[in-house]
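These are the residues of each chain, in order.
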Amino acid sequence: MTGNRTFTMIKPDAVENGHIGAILEKITAAGFKIVAMKYTQLSKRGAREFYAIHKERPFFGELVDFMTRGPIVAAILEKDNAVDDFRALIGATNPAEAAEGTIRKLYATSIGENAVHGSDSDENAAIEGAFHFSGREVF
Ligand code: CMP
């Protein structure tokens, strides 16, 4: 059975470029309910922990620098089949490969600075949501 919640971040590039409103509009228009949301900024330590799965990758340092360079919007979203439907809405990791109309096609500039994050499984959605939120609003 698939879960009905996922976790997202609007990343520093999209915040810097003034796309928070447009991205939230796409998300809610696609039928996602915002269960929890905050405007925040990752510390280096927090970003290293959040992306620990990528720590051996050559782009890890670049990823941590990017994700900590400015504010982000973190949110928990609710919809049937949330993880898969949200990944379809945001499009491929590399915006050059993202389908027309997807959030990354519209707002991402590169594979590294790709505007939004979407959890890749129900398990990771719960872990990532709990990283940013605690208490009644979480999974
Ligand atoms: P996301 O899938 O949200 O989380 C992992 C991130 O690592 C990914 O988005 C990209 O921002 C980044 N990433 C993945 N592959 C590369 C790459 N080849 N070069 C730089 N950054 C990458």
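Residues numbered from 1 in each chain as written. Predicted model: local features only at pLDDT ≥ 70, side-chain atom pairs only at ≥ 80, totals over all residues. Heavy atoms only, no water.

The secondary structure content of the chain amounts to 7 helices and 4 strands. When the helices and strands of the chain are placed in sequence order, the string is β-α-α-β-α-α-β-α-α-β-α. The C-alpha radius of gyration of the chain comes to 14 Å, within 12% of the 14 Å expected for a compact globule of 139 residues. For the chain, the C-alpha atoms occupy an extent of roughly 35 × 35 × 25 Å along the three principal directions. Counting across all 139 residues of the chain, residues that qualify as buried make up 42%. Long-range contacts, defined here as pairs at least 24 residues apart, represent 76% of the contacts in the chain between residues at least 6 apart. Working note: accessible area of the chain is about 7,200 Å², and carbon and sulfur atoms make up 50% of it. Averaging the positions of the 16 positive and the 19 negative side-chain charges in the chain gives two centres separated by 4 Å. (Helix = DSSP H or I, 4+ residues; strand = E, 2+ residues; numbered from the N terminus. Rg over C-alpha atoms; globule rule 2.2 N^0.38 Å. Buried < 20%, exposed > 50% of the residue type's maximum accessible area, 1.4 Å probe, protein only. Contact = heavy atoms within 4.5 Å. Areas by Shrake-Rupley, 256 points an atom, 1.4 Å probe, with all protein chains shown as cover. Lys, Arg positive; Asp, Glu negative; His and termini not counted. Charge placed at Lys NZ, Arg CZ, Asp CG, Glu CD.)

Here we have 4 strands laid out as an open sheet, ordered 2-3-1-4, and antiparallel in their pairing. Edge positions in the sheet fall to strand 2 (33-40) and strand 4 (116-118), since each has one partner strand and no second. Sheet twist, expressed as the mean angle between neighbouring strand axes with direction ignored, is 15°. (Pairing = 2+ DSSP bridges. Axes fitted to C-alpha atoms, helices over the stretch in contact; angles between N-to-C directions.)

The immediate surroundings of the ligand are formed by Lys11, Tyr51, His54, Phe59, Glu62, Leu63, Arg104, Ile111, Gly112, Asn114 and His117. A distance of 3.1 Å is found between an oxygen atom of the ligand and a backbone nitrogen or oxygen belonging to Gly112. Here an oxygen atom of the ligand sits 2.9 Å away from a polar atom, N or O, in the side chain of His117. Coverage of the ligand by the protein amounts to 80% of the 460 Å² it exposes when considered alone. Here the shell around the ligand is built from residues that sort into 4 nonpolar, 4 polar and 3 charged. (Near = heavy atom within 4 Å. Polar contact = N/O pair within 3.5 Å; in protein donor to acceptor, adjacent residues only side chain to side chain. Nonpolar A, V, L, I, M, F, W, Y, C, P; charged D, E, K, R; others polar.)

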